[in-house]
Amino acid sequence: MKKYNVAVIGATGAVGEELFRVMEELDFPVENIIPLASAKSFGTYIEYKGKEIGVQVLSENSFKENSVDIAFFSAGGSISAKYAKYAVESGAVVIDNTSHFRSDDDIPLVVPEVNPEDIELWTNKGIIANPNCSTIQMVLSLKPLDELYGIKRVDVSTYQAVSGAGKAGMKELFTQMQDLLTFNLSDSEIEAFKHQIVNNVIPAVDVAMDNSFTKEEMKMINETRKILHKDIAVAATCVRVPVLRSHSESITVTFEDDVEVDVEEVREALERFENVEVIDDLKNDSYPMPIISTDTDITYVGRLRKDLYSNNMLHYFNVADQVRVGAATNSIRIALKWIELVESK
Ligand code: A2P
């Protein structure tokens, strides 16, 4: 198998570090690793397969100089906006983890288990977008349900971990936990979030939009429709909770009018779907939780139940490690499918 020069932009961040771990675990065909970050990280190292590799400062020339084949961008939308074109110009495929390119009709937005066929559109602009983390874990469970019954509408409330705000988010929860226990909370810094996050939930993730939804909620709405290629009605309420890692979601699906939900059929369809597992034994206190999904590549689904009033409605709960399933692992799975595609030509 051919080997590739792989750049990670944002190599010192939460997702960047996870990308290296997932690449190692999946034995990604790496020739050279090129870790890129800001000048702040110059002189630091990342570890890959037992070797220390020096972090380089990102510049317009980073891609050409290092003959990069695959560039994973995970350093924020403004960095992708500025630098992705240099990677593409140098001949690399860009797999972008930010929201910058996701709504561009010419750029595929891919969850490999759900819409792998879209990867071939990478030739349009040399870029493949990795969807929003909450969207990825939701569509992984929606796809088999849509195939089973046909979805009309989705209502979702999220319980999003602080790791969605990168290392800064995790640090802020840690610090505030310590400050809470030592009665110093009034002096605690509030920077990564708009409000104190320890001992609190914040019903707003990302910025406010004019339609009274937040940007995170609009990402879930628009990206779900783009990935599933369907005009499904979606309403989302995104909430930040003081969990370190793994997002949870409470989801209600409304199917076509004539559907009569059979929970056993639903369970089987979910169990058959790649990288989805069902944990659903309420009487024995068994259901998906962040402590189960953290550090795994699986989306766990449970609390399956038919609505008490409408035959065509299903309620369930889903959790996934959003740094992996919602970012790093999804990106690597995209890259592996991309390799399969270009090598088959
Ligand atoms: P650095 O650590 O050098 O600032 P997180 O998502 O955990 O907050 O991480 C963000 C990542 O994006 C880090 O690796 C960070 O590098 C990187 N980054 C931030 N700003 C820049 C920049 N101007 N150029 C390159 N990388 C950047």
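What this report covers is the structure whose coordinates are included nearby. Since the structure is predicted, the reported quantities are computational estimates derived from the model, not experimental observations. (Residues numbered from 1 in each chain as written. Predicted model: local features only at pLDDT ≥ 70, side-chain atom pairs only at ≥ 80, totals over all residues. Heavy atoms only, no water.)

## Examining the sheet that holds strand β5 (residues 56–57)
Hydrogen bonds between backbone atoms are what pair the strands of a sheet, whose relative direction is either parallel or antiparallel.
No. 1: Pairing within the open sheet is parallel, and its six strands lie in the order β5-β2-β1-β6-β7-β8. Two strands lie at the open edges of the sheet, namely β5 and β8 (127–129), each paired on one side alone.
No. 2: Bridging between strand β7 (residues 93–96) and β8 involves three bridges; their strand directions are parallel. Residue pairing across strands places Asp96 opposite Ala129, the latter belonging to β8. (Pairing = 2+ DSSP bridges. Helix = DSSP H or I, 4+ residues; strand = E, 2+ residues; numbered from the N terminus.)

## Re the nonpolar core
No. 1: Counting 57 residues, the largest nonpolar core has Phe63, Phe73, Leu145, Phe255 and Tyr316 as the members making the most contacts within it.
No. 2: Element by element, the count of residues in this core is highest for helix α4 (residues 133–149), at seven residues.
No. 3: By size, the runner-up hydrophobic cluster in this structure holds 34 residues, among which are Val110, Trp122, Ile332 and Trp338. (Core = buried A, V, L, I, M, F, W, Y, C linked by side-chain atoms within 4.5 Å. Buried < 20%, exposed > 50% of the residue type's maximum accessible area, 1.4 Å probe, protein only.)

## Some thoughts on the site of the ligand
No. 1: Thr12, Gly13, Ala14, Ser38 and Ser41 are the nearest of the 15 residues found near the ligand.
No. 2: In the model, an oxygen atom of the ligand is placed 2.6 Å from a nitrogen or oxygen of the Thr12 side chain.
No. 3: At a separation of 2.6 Å, an oxygen atom of the ligand approaches a polar side-chain atom of Ser38.
No. 4: In isolation the ligand has 570 Å² of accessible area, and contact with the protein removes 69% of it. (Near = heavy atom within 4 Å. Polar contact = N/O pair within 3.5 Å; in protein donor to acceptor, adjacent residues only side chain to side chain. Areas by Shrake-Rupley, 256 points an atom, 1.4 Å probe, with all protein chains shown as cover.)

## Some words on the sheet that holds strand β11 (residues 247–255)
No. 1: Read across the sheet, six strands follow the order β10-β9-β11-β14-β13-β12 without closing on themselves; strand pairing throughout is mixed. Every interior strand has two partners, whereas the edge strands, β10 (233–237) and β12 (276–278), have only one. Along the sheet, successive strands turn relative to each other by an average axial angle of 25°, direction set aside.
No. 2: Both strand β13 (residues 299–306) and strand β14 (residues 313–320) contribute to a ladder of five bridges, which runs antiparallel. Within β14, the residue paired with Arg305 across the bridge is His315.
No. 3: Running at roughly 155° to β10, helix α6 (residues 215–228) makes contact with β9 (151–159), β10 and β11 of the sheet. (Axes fitted to C-alpha atoms, helices over the stretch in contact; angles between N-to-C directions. Contact = heavy atoms within 4.5 Å.)

## What about the packing of aromatic side chains?
No. 1: Evaluation of the coordinates by the stated rule reveals seven aromatic pairs.
No. 2: Seen from their ring centres, Phe63 and Phe73 are 5.8 Å apart, and the 25° between their planes marks the pair as stacked. Note that Phe63 is positioned in helix α2 (residues 62–65) and Phe73 in strand β6 (residues 70–73), a separation of ten residues in sequence.
No. 3: Linked through ring pairs, Tyr4, Trp122 and Trp338 together constitute an aromatic cluster. (Phe/Tyr/Trp six-rings, centres within 6.5 Å; stacked < 30°, edge-to-face > 60°.)

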